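Architecture and fold: a report
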Amino acid sequence: MGPTRRARSSQVVGGLVVLLLLFGLWVFNGENPDTLAYSEFFAYARTSYLQSGFLGSISLLMSSTRYEPGFVVLNVFVASLGWDYQLFVVLVACGCLLAVWYCARRYTQHPAMILALYAAFPFVLDVIQIRYTLAQAIMLVSMQFLARRSVLNVVRFCLLTALAASFHSIAILWLVVLIVYVANARVVLIVCGVSSVIGTTAVLMIPGIGDWILRMGGGSDIYLGQGLSWRRYLAYLGLAAVLVFFAQGRFRGAKTGDRKVLSLVVCAGITFAFLTPLNDQFFRLYRTIIIVMYLLTLGSLEERGSGGPKPLRPRVGKIDSTAQCGDALSSDMTKGVSSISGLRHPKLAIAATVGVSLVSSYYYLVRVIPGNEASLVSYILDNKLFDW
């Protein structure tokens, strides 16, 4: 049986306590390079508003700063209200934490647990990198439109993704998860994995593509050849493999459309693992996948323990029933998939994908490490491999 009303109430109260704690930690966060840069930009936005008005200041800031339009408009809007930077942080903290709270309530029956996991990671990074955190909040909310396939939901999802990208341009890659509409974990995993390997190889072999990706990510150089970054890349791939193995199992055992969508989003997240060596900006997308993983894990445990999810409030959108939602995701697109060579053994496909990525990583190391173009062995023998 599901939790009693009293138990649900205690979970909500506990979640609110954790939410308030996180809010306090965020608002009273100390100074760091990122927050100093944002506070200086806010001061610049206020000065521009006083001198040029609302539209004039937006035009000036857009032409003279590197920040995306959504973030510029938000700063000018808050400045126009006469608020200071501390109140700006309060507004950002409220919006972003409420988005996590909304997802915790929507996808699980234990919001306090989700918020506690979020506090462990990636809350500390989100407090500092508020542009991406604003984008991430919108991305998390947009997942609700993946539970049922329709043109309207696709439009809603794309519009929210565009809005997220207006705060941090890297969020445009969230469109990758639209592939979940094929409603098959194997297809999502293989398509995302293979296409990412092909894309990584293209970056290595075709001049200009890598520079374009780096500009989109807001970076200026390639990190893989700088000591530890390639090892982090291998760690990301290993984590991605663990996540997708688990996500596939949750997909097969999921009883609701929401749970299936979460598992498919995690599978699509392997794409971002391949992008991390190009620039550390892409790791931000990985952080969002970790939050989705929390939702998926706890929700799956609740399904198994209670015989089925009992949401705390109705789902957003016109979903007729749990059965219909599940049927919508298990469409005839899944038929015939097993006849494709290799799809009968998804673990083997994952291993092959990771193997190809490691080979491409080798060539990348050979090409970009100065003075070691001839051989990766010389790089290892120089003891740079173990330079912590």
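**Focus on the side chain of R131**
- In this structure, R131 sits in helix α7 (residues 130-142).
- We classify R131 as buried; its relative accessible area is 8%.
- Not counting the four nearest positions on each side in its chain, R131 is found in contact with Y38, R66, Y67, E68, F71, F167 and H168.

**So, the confidence of the model for the chain**
- When the pLDDT values of the chain are averaged, the result is 75; 67% of them are 70 or greater.
- Within the model, pLDDT remains below 50 along residues 217-228, and this stretch shows 33 contacts once partners closer than five positions in the same chain are excluded.
- Long-range and interchain partners of residues 360-388, a stretch whose pLDDT sits below 50, account for 37 contacts in this model, where long-range means more than four residues apart.

**A closer look at the packing of helix α4 (residues 85-107) against α7**
- Close contact between α4 and α7 brings their axes to 9 Å; oriented N to C, the two are set at 30°. On the basis of their axis angle, the class for α4 and α7 is roughly parallel. In the crossing of α4 with α7, the sense of the turn from one axis to the other is left-handed. Residues Y85, F88, V92, C96, A99, V100, Y102 and C103 of α4 pack against I130, T133, L134, A137, L140 and V141 of α7.
- Classifying every residue of the contact of α4 with α7 by side-chain character gives 13 nonpolar, 1 polar and no charged.

**Considerations on the pattern of salt bridges**
- Tallying each qualifying case throughout the model produces 3 salt bridges.
- Across the pair R131 and E68 runs a salt bridge whose closest N-O atoms are separated by 2.8 Å. Linking R131 in helix α7 with E68 in the loop between α2 (33-64) and α3 (69-80), this pair joins segments that are 63 residues apart in sequence. The two residues R131 and E68 agree in class, both being buried.
- With a closest N to O distance of 2.6 Å, D126 and R287 form a salt bridge. On the criterion of sequence distance, the pair formed by D126 in helix α6 (residues 123-128) and R287 in helix α14 (residues 283-306) is long-range, its members being 161 residues apart. With respect to class, D126 is no different from R287; both count as buried.

**Describing the packing of aromatic side chains**
- Considering all chains together, one arrives at 13 aromatic pairs under this definition.
- Ring centres of Y118 and F123 lie 5.8 Å apart, and the angle between their planes is 70°; this geometry places the pair in the edge-to-face category.
- Given a relative accessible area of 5%, F123 falls into the buried group.
- Put simply, the rings of Y38, F41, F42, Y67, F71, Y85 and F88 pair up and form one aromatic cluster.

**What about α2?**
- Counted at 1.5 Å a residue, the expected span for α2 with its 32 residues is 46 Å, but the 20 Å between its end C-alpha atoms falls short.
- Bending of α2 peaks at approximately 120° at the position of S52.
- Looking at α2, one finds that the buried residues are T35, Y38, F41, F42, A45, S48, S57, I58 and L61.
- If you follow the buried residues of α2, they end up packed against α3, α4, α6 and α7.

**Some remarks on the nonpolar core**
- Counting residues in each nonpolar core, the largest one holds 99 residues, and the members touching the most others are W26, F71, F88, M143 and V265.
- Sorting elements by how many residues they give to this core places α4 first, with 14 residues.
- If we skip the residues at most four places from it in the chain, F71 touches Y38, F41, F88, I130, R131, L134, S166 and F167.

**A look at the environment of Y118**
- Here Y118 is to be found in helix α5 (residues 111-120).
- A sequence separation of 96 residues divides Y118 from L22, and the C-alpha atoms of the two residues are 9.5 Å apart.
- Filtering out sequence-adjacent residues up to four positions away, Y118 remains in contact with L22, L97, V100, F123, D126, Q136, I291 and Y294.

Reading the values: rules and limits
Residues numbered from 1 in each chain as written. Predicted model: local features only at pLDDT ≥ 70, side-chain atom pairs only at ≥ 80, totals over all residues. Heavy atoms only, no water. Helix = DSSP H or I, 4+ residues; strand = E, 2+ residues; numbered from the N terminus. Buried < 20%, exposed > 50% of the residue type's maximum accessible area, 1.4 Å probe, protein only. Contact = heavy atoms within 4.5 Å. pLDDT = per-residue confidence, 0-100. Axes fitted to C-alpha atoms, helices over the stretch in contact; angles between N-to-C directions. Parallel < 35°, antiparallel > 145°, perpendicular 65-115°, else oblique. Left-handed = near helix turned anticlockwise from the far one by under 90°. Nonpolar A, V, L, I, M, F, W, Y, C, P; charged D, E, K, R; others polar. Salt bridge = Lys/Arg side-chain N within 4 Å of Asp/Glu carboxyl O. Phe/Tyr/Trp six-rings, centres within 6.5 Å; stacked < 30°, edge-to-face > 60°. Expected span 1.5 Å × (residues − 1). Bend = angle between axes of the 7 residues up to and from the residue. Core = buried A, V, L, I, M, F, W, Y, C linked by side-chain atoms within 4.5 Å.

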